[in-house]
Amino acid sequence: MDDQTNLCKRFGAECYPSLPYLNLGVASATLGQQPINGLRHSPKGSTTGWYLWGGEQLSSAADFFQPVHGAHLDEILPAIVPYLSLPAGWRFQIALGHEDVWFDACLLHET
């Protein structure tokens, strides 16, 4: 089994892979900061529903996230790749020696 399947099983989540040709929203300017955060809304169109950023603050600025193809994450953020099969409604926060993964039903009710 691969890392993504194992991680989903560990947290009791259905495995819902992010296809590598689809986009994620990535706050590239923050990726040097810790912790690394991710949340997944329901996929739409050419997106996986994932949004990723570094640091404690999630900005509401329109240009905070930029689209990045999933295929590039092995190079940009290899540590988060195992989390990308968590389905919509899931979040994670990782840093050196820290991992927090949880379901957030609010992510399923976008407005």
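The written sequence of each chain sets the order in which its residues are numbered from 1. In keeping with the predicted nature of the model, local features appear solely for residues at pLDDT of at least 70, side-chain atom pairs appear and are counted solely at 80 or more, and the whole-chain, interface and lining totals rest on all residues. Calculation of side-chain values draws on the structure's entire complement of heavy atoms; hydrogens and water are dropped beforehand.

1. As for the environment of Asn23
Filter applied, for reference: Helix and strand assignments come from DSSP, with helices taken as H or I runs of at least 4 residues and strands as E runs of at least 2, each series counted from the N terminus. When a residue's accessible area, from a 1.4 Å probe over protein chains only, is under 20% of the maximum for its type it is buried; when over 50% it is exposed; and in between it is partly exposed. Pairs of N or O atoms are called polar contacts if they sit within 3.5 Å, as long as, within protein, a hydrogen donor faces a hydrogen acceptor (for residues adjacent in sequence, only side-chain-to-side-chain pairs).
Checked against the element boundaries, Asn23 lands in strand 1 (residues 23-26). Accessibility expressed as a relative area gives 17% for Asn23, which makes it buried. Taking C-alpha positions, Asn23 is 8.9 Å from Ala71, a pair spaced 48 residues apart along the chain. From its side chain, Asn23 meets the backbone nitrogen of His69 in a polar contact 3.5 Å long.

2. Comments concerning the pattern of salt bridges
To keep things clear, this is the line we draw: Any Lys or Arg side-chain nitrogen located within 4 Å of an Asp or Glu carboxyl oxygen qualifies as a salt bridge.
By the definition in use, this model includes two salt bridges. Here Glu99 ties to Arg10 by a salt bridge, and the two come within 2.9 Å at their closest N and O atoms. Residue Glu99 is found in strand 6 (residues 98-103), and its partner Arg10 is found in helix 1 (residues 3-10); the two are separated by 89 residues along the sequence. Classification of Glu99 as partly exposed rests on a relative accessible area of 34%. A salt bridge links Arg91 to Asp104; its shortest N-O distance comes to 3.3 Å. With a gap of 13 residues between them, Arg91 in strand 5 (residues 90-95) and Asp104 in the segment after strand 6 connect regions that are remote in the sequence.

3. Considering the pairing of strand 6
Remark: a regular strand shows side chains that alternate across the two faces of the sheet. Rule in force here: Strand pairing is defined by DSSP finding a minimum of two bridges between the two strands.
Alignment of strand 5 against strand 6, held across six bridges, turns out to be antiparallel. Its bridge partner being in strand 6, Ile94 is matched across the sheet by Glu99. As consecutive antiparallel partners, strand 5 and strand 6 are separated by two residues, and within that stretch Gly97 has a phi angle of approximately 75°, a positive value.

4. Description of the side chain of Asn37
Threshold: Note on contacts: a residue pair qualifies if any of its non-hydrogen atoms lie within 4.5 Å across the two residues.
Tracing the sequence through the fold places Asn37 in strand 2 (residues 36-40). When its relative accessible area of 7% is taken as the criterion, Asn37 is described as buried. Within polar-contact distance, the side chain of Asn37 engages the backbone oxygen of Pro35 at 3.4 Å. With residues up to four places along the chain from it excluded, the contact list for Asn37 reads Tyr51, Leu52, Trp53, Gly54, Gly55, Phe92 and Gln93.

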